[in-house]
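# Observations on chain architecture
What follows is each chain in one-letter form.
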Amino acid sequence: MIVLDRDGVINRDSKEFIKSPEEWIPLPGSLEAIAELSRMGFRIAVATNQSGVGRGLFDQDTLDRIHARMIGSVEAAGGVISGVFVCPHHPDDGCDCRKPLPGLLRQIAARYAVSPKEMIVVGDSLRDLEAAVAVGAQPVLVRTGNGIATEKQAQQIDNIRIHNDLHDFTDSLTGQIGKPA
Ligand SMILES: [Mg+2]
Ligand SMILES: [Zn+2]
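The structure reproduced in this document is the subject of the present report. (Residues numbered from 1 in each chain as written. Chains lettered and ligands numbered in written order. Predicted model: local features only at pLDDT ≥ 70, side-chain atom pairs only at ≥ 80, totals over all residues.)

## Let's talk about the overall build of the chain
The cut-off we apply is this: Runs of E in the DSSP output that reach at least two residues are strands. Runs of H or I that reach at least four are helices, and both are numbered from the N terminus. A residue pair is marked as a contact if its C-beta atoms, positioned from the backbone, fall within 7 Å.
Within the chain, the regular secondary structure consists of 7 helices and 6 strands. Listed by position from the N terminus, the elements making up the chain come as β-α-β-α-α-β-α-β-α-β-α-β-α. Across its three principal directions, the C-alpha atoms of the chain cover 45 × 35 × 35 Å. Here the analysis covers contacts within the chain between residues at least 6 apart in sequence; of these, 56% occur between residues at least 24 apart.

## A few points about the environment of Leu-141
Stated precisely, the cut-off is as follows: Any residue whose C-beta has 12 or fewer other C-beta atoms within 10 Å is treated as exposed, any with 20 or more as buried, and any in between as partly exposed, C-beta atoms being built from the backbone.
Note that Leu-141 resides in strand 5 (residues 138–142). Its 30 C-beta neighbours within 10 Å are what place Leu-141 among the buried residues. Considered as a pair, Leu-141 and Glu-22 are 119 residues apart in the sequence and their alpha carbons are 26 Å apart. Among all residues touching Leu-141, those that are not within four sequence positions of it are Gly-123, Asp-124, Leu-129, Gly-147, Thr-150, Glu-151, Ala-154, Ile-160 and Ile-162.

## As for helix 4 (residues 103–112)
In plain terms, the rule: Relevant arc is that of directions from the helix axis to the C-beta atoms, nothing else.
Looking only at helix 4, the buried set comprises Leu-104, Leu-105, Ile-108 and Ala-109. Within helix 4, the buried residues cover an arc of 140° as seen down the axis, which keeps them to one side. Within helix 4, the exposed residues directed more than 90 degrees away from the buried face are Ala-110 and Arg-111. Packed against the buried residues of helix 4 are strand 1 (2–4), strand 2 (44–49), strand 3 (83–87), strand 4 (120–123) and helix 5 (126–135). Following helix 4 by one or two positions, Ala-113 adopts a phi angle in the positive range, close to 55°.

## Here's the deal with unusual backbone geometry
Of note, the amide linkage connecting Lys-99 to Pro-100 takes the cis form, showing an omega dihedral of 20°. Within the fold, Pro-100 resides in the loop between strand 3 and helix 4. Located in the positive-phi region is Phe-17, a residue other than glycine, with phi close to 75°. Mapped onto the elements, Phe-17 comes out in the loop between strand 1 and helix 1 (30–39). Residue Ala-113 is not a glycine yet carries a positive backbone phi of 55°.

## Looking at helix 3 (residues 60–76)
Applicable threshold: For a helix, the expected span equals 1.5 Å multiplied by the residue count minus one.
Taking 1.5 Å as the rise per residue, helix 3 with 17 residues should run 24 Å; its terminal C-alpha atoms sit 24 Å apart, in good agreement. Leu-63, Ile-66, Met-70 and Val-74 are the residues of helix 3 that are buried. When helix 3 is viewed along its axis, its buried side chains cluster within an angular range of 75° and face the same direction. Exposed and oriented more than 90 degrees from the buried face of helix 3 are Asp-61, Gly-72 and Ala-76. On its buried side, helix 3 packs onto helix 1, helix 2 (51–54) and strand 3. Note on helix 3: the residue one or two positions beyond its end, Gly-78, has a positive phi of about 100°.

## Here's the deal with the sheet that holds strand 2
Pairing between the strands of a sheet is mediated by backbone hydrogen bonds and can be parallel or antiparallel. Where we set the bar: We call two strands paired when DSSP finds no fewer than two bridges between them. To define axes, lines are fitted to C-alpha atoms, for helices over the stretch in contact only, and angles between the resulting N-to-C directions are given on a 0 to 180 degree scale.
The strand order 3-2-1-4-5-6 describes an open sheet built from 6 strands, whose pairing is parallel. Two strands close off the open sheet at either side, each with one partner strand: strand 3 and strand 6 (161–163). When strand polarity is set aside, the average angle formed by the axes of neighbouring strands in this sheet is 25°. Pairing of strand 1 with strand 4 involves 3 bridges; the strand directions are parallel. Paired with Ile-2 across the strands is Ile-120, a residue of strand 4.

## A short note on the environment of His-90
Relative to the elements of secondary structure, His-90 occurs in the loop between strand 3 and helix 4. Linking His-90 and Val-140, residues 50 residues apart in sequence, is a C-alpha distance of 26 Å. Setting aside chain neighbours within four positions, we find His-90 in contact with Ser-51, Gly-54 and Arg-55.

It is worth stressing that arrangement in space is one thing and function is another; only the former is reported here.
The following block contains the structure:
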């Protein structure tokens, strides 16, 4: 089971938030990487903080359309995203699913009946990695999105693996080109 953060891992991040399907733009090689992971037999889910909903910047219907575009783009490249798990809450809401809290990862583990310890969690921000550590999953940092800024802090994390991008991470699993950091 592979759990991907969305913004800065699959698509370009924006400080202004991704507020429409048109603003959802895949990072180079990310769709092909997900397709390759699918071919390798991994189940893939997305876990994403989308506080823009809680902040009133866009609504759930718009978020659903953004995710329909993402899923369609992945499918067109030959990959499968099994589920998209979202924290829509405002940071002040006190929910238990906004990363770095592990609620989304627990939801995914329950939905697919897998142990969190069998999950590989790929993210570009420290909170993605902290959520992974909280449930005993394998944390993987990619140097896209916030990844370069995150790298220094991430090196303190036990068992962290670091790759340039999703494609490089995928190559490390096939053992062809990349190698574990
Ligand atoms: Mg991110
Ligand atoms: Zn939440």
